[in-house]
Amino acid sequence: MYNIQTLNKIAACGTDIFDKSIYTVSDAPENPDAIMVRSAKMHDMTFGDNLLCIARAGAGVNNIPVDKCAEEGICVFNTPGANSNAVKELAICALLLASRKIVEAAAWAASLKGTPDAPKTVEGGKAKFAGPELRGKTLGVIGLGAIGGKIANAAIKLGMKVIGYDPYLSLDAAINLDSHIQVVKELDDIYKNSDYITIHMPYTPATKNTIDAAQIAMMKDGVRIINLARGELINSEAIVKAIADGKVAKYVTDFADDIVLGVENVIVLPHLGASTPESEDNCAVMAAHEIIDYLENGNIKNSVNLPNASMNAVGTKVCVIHKNIPTLIAAMTTAVGNAGLNIENMVNASKKDYAYTMIDIVGDVNDALVDAIKATDGVIRVRVIKK
Ligand code: MLT
């Protein structure tokens, strides 16, 4: 039996995927084998010995101590793309909110309730809520992954000129980009040339305050900025000052803090980017499949701290999480040879400091062999999956 712990409410269509004869799913199991999480903060948690993986039903993993997890042999997954349509749609909305004073105008119209001749008053007062169209304007997209790429393509359809920046642009993401999108090599080109800027990158210590006073200073006067990614990517104090100076015309953010709340020309949404039933379902289903394939087959897809790797084995799979260092694979294969066993298939992949090796062995994979592999310098965790 495997115990799955849910730290947040996870859509039922995801948790229902677990076969009840081998899985229990609850919010407080003893010693979970896997955790499903949305935004619950996990940095101060201690993980039990059984915990093999954490699946984040969503994109951002800044609520999870991913390095500590790798160090403890815990695979962390996310669900890239599963909520990208929801965020794309909110980004289109945010572009319009940044332009057309919709929020302010609606609040003003609502304030007229009970006043005499409201229809006449609105016609007389609407001029102060005029705002520019998107068509023909330049949108700078920082980060062209699953979400940024979709927004860039949608903006082309809205008649915008789109420039994008992504130092880690994957081949998959690149081929899905509309050919009219200009991909620039320097982030400064986005700042200098955009009427609207939207940011779609993960938050890590290295990306904190990606947009700060110095970056804002490079921007066009009257630029409109959208942040549906993470609050920490943009320095709130710098934005609020730039709004007060008239440098930034509008800031639409999905992340509340005391600095941006209640400021004129800042629209704060309560982290609604992925809050659609469709996206919650997609994320939960993808996360459940990732957990099942890892627990039952040792295969890794969409991990943020370990490499992707999958293998169809003919025999017993020995799955090893280890440091990405020289001679370790040789030591493990020697241990298999010393046990008088042959390796039928083997997959090895690495991601930064960590690596994952699956060894397919027909024959008796006994405790002595497993102990020998575990004793190899740099090995973090060994798991044996019998056919
Ligand atoms: C994400 O990281 O997937 C989005 O911000 C939505 C969420 O946190 O659930």
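Just so you know, these numbers come straight off a predicted model, no measurement behind them. (Residues numbered from 1 in each chain as written. Predicted model: local features only at pLDDT ≥ 70, side-chain atom pairs only at ≥ 80, totals over all residues. Heavy atoms only, no water.)

Asker: I'm lost on the overall build of the protein in this one. Help?
Answerer: Helices and strands together make up the secondary structure of the protein, namely 13 helices and 16 strands. When its C-alpha atoms are laid out on the principal axes, the protein stretches across 90 × 45 × 35 Å. Split into buried and exposed, the 387 residues of the protein put 48% on the buried side. In the protein, 63% of the contacts between residues at least 6 apart in sequence involve partners at least 24 apart. Put simply, the protein has 37 plus and 44 minus side-chain charges, and the middle of one group is 8 Å from the middle of the other. (Helix = DSSP H or I, 4+ residues; strand = E, 2+ residues; numbered from the N terminus. Buried < 20%, exposed > 50% of the residue type's maximum accessible area, 1.4 Å probe, protein only. Contact = heavy atoms within 4.5 Å. Lys, Arg positive; Asp, Glu negative; His and termini not counted. Charge placed at Lys NZ, Arg CZ, Asp CG, Glu CD.)

Asker: Even after reading the chapter, I still don't get the nonpolar core, so can you show me in this structure?
Answerer: In a soluble, globular protein the nonpolar side chains are often hidden away together inside. In terms of nonpolar packing, the biggest core is built from 34 residues, with Ile291 and Tyr294 touching the most fellow members. The biggest single contributor to this core is helix α11 (residues 277–297), with eight residues. Beyond its immediate chain neighbours, meaning those up to four positions away, Ile291 contacts Ile4, Phe18, Ala34, Ile35, Met36, Cys53 and Ala55. (Core = buried A, V, L, I, M, F, W, Y, C linked by side-chain atoms within 4.5 Å.)

Asker: How should the side chain of Asp166 be read in this particular structure?
Answerer: Looking at where Asp166 falls in the secondary structure, it is placed in the loop between β7 (161–165) and α7 (171–175). A polar side-chain atom of Asp166 sits 2.8 Å from the main-chain amide nitrogen of Tyr168. (Polar contact = N/O pair within 3.5 Å; in protein donor to acceptor, adjacent residues only side chain to side chain.)

Asker: Where do I start with the environment of Val25 in this structure?
Answerer: In this structure, Val25 sits in strand β2 (residues 23–26). Assessed through its relative accessible area of 34%, Val25 is described here as partly exposed. Placed 106 residues apart in sequence, Val25 and Gly131 show a C-alpha to C-alpha distance of 50 Å. Setting aside anything within four residues of it in sequence, one finds Val25 in contact with Ile4, Thr6, Thr15 and Phe18.

Asker: Just to check I follow, could you spell out the packing of aromatic side chains for this structure?
Answerer: Two descriptors summarise a pair of aromatic rings, namely the distance from one centre to the other and the angle between the planes of the rings. One pass over the structure, following the stated rule, counts five aromatic pairs. Seen in terms of ring centroids, Phe18 and Tyr23 are 5.0 Å apart; in terms of plane orientation they differ by 55 degrees. Their pairing is tilted. Take Phe18: its relative accessible area is 2%, and that puts it in the buried class. Under the relative-accessibility criterion, Tyr23 is labelled buried at 3%. Taking 5.4 Å as the distance between ring centres and 40 degrees as the angle between the ring planes, the aromatic pair formed by Trp108 and Phe129 counts as tilted. (Phe/Tyr/Trp six-rings, centres within 6.5 Å; stacked < 30°, edge-to-face > 60°.)

Asker: Help me understand the packing of helix α3 (residues 84–100) against helix α6 (residues 146–157) in this model?
Answerer: Working note: a packed helix pair is described by the angle between its axes plus the distance between those axes. At a minimum axis distance of 9 Å, the contact between α3 and α6 shows a crossing angle of 45 degrees. Put simply, α3 runs oblique to α6. Seen from above, α3 lies across α6 with right-handed handedness. Two secondary-structure elements touch here, α3 through Ser84, Asn85, Val87, Lys88, Ala91 and Ile92 and α6 through Ala146, Ile147, Lys150, Ile151 and Ala154. (Axes fitted to C-alpha atoms, helices over the stretch in contact; angles between N-to-C directions. Parallel < 35°, antiparallel > 145°, perpendicular 65-115°, else oblique. Left-handed = near helix turned anticlockwise from the far one by under 90°.)

Asker: Help me understand the pairing of strand β9 (residues 196–199), please; the structure alone is not making it clear to me.
Answerer: Residues in a regular strand point their side chains to alternate faces of the sheet. What you see with β9 is no split at all: Tyr196 and Thr198 on one side and Ile197 and Ile199 on the other are buried throughout. Bridge analysis of strand β6 (residues 138–142) against β9 gives four bridges, and the strand direction is parallel. What sits directly across from Gly140, in β9, is Ile197. Crossover β9 to strand β10 (residues 223–227) through helix α9 (residues 213–218) is right-handed. (Pairing = 2+ DSSP bridges. Right-handed = clockwise from strand over helix to strand, strands pointing away.)

All quantities given are derived from atomic positions and should not be read as evidence of function.
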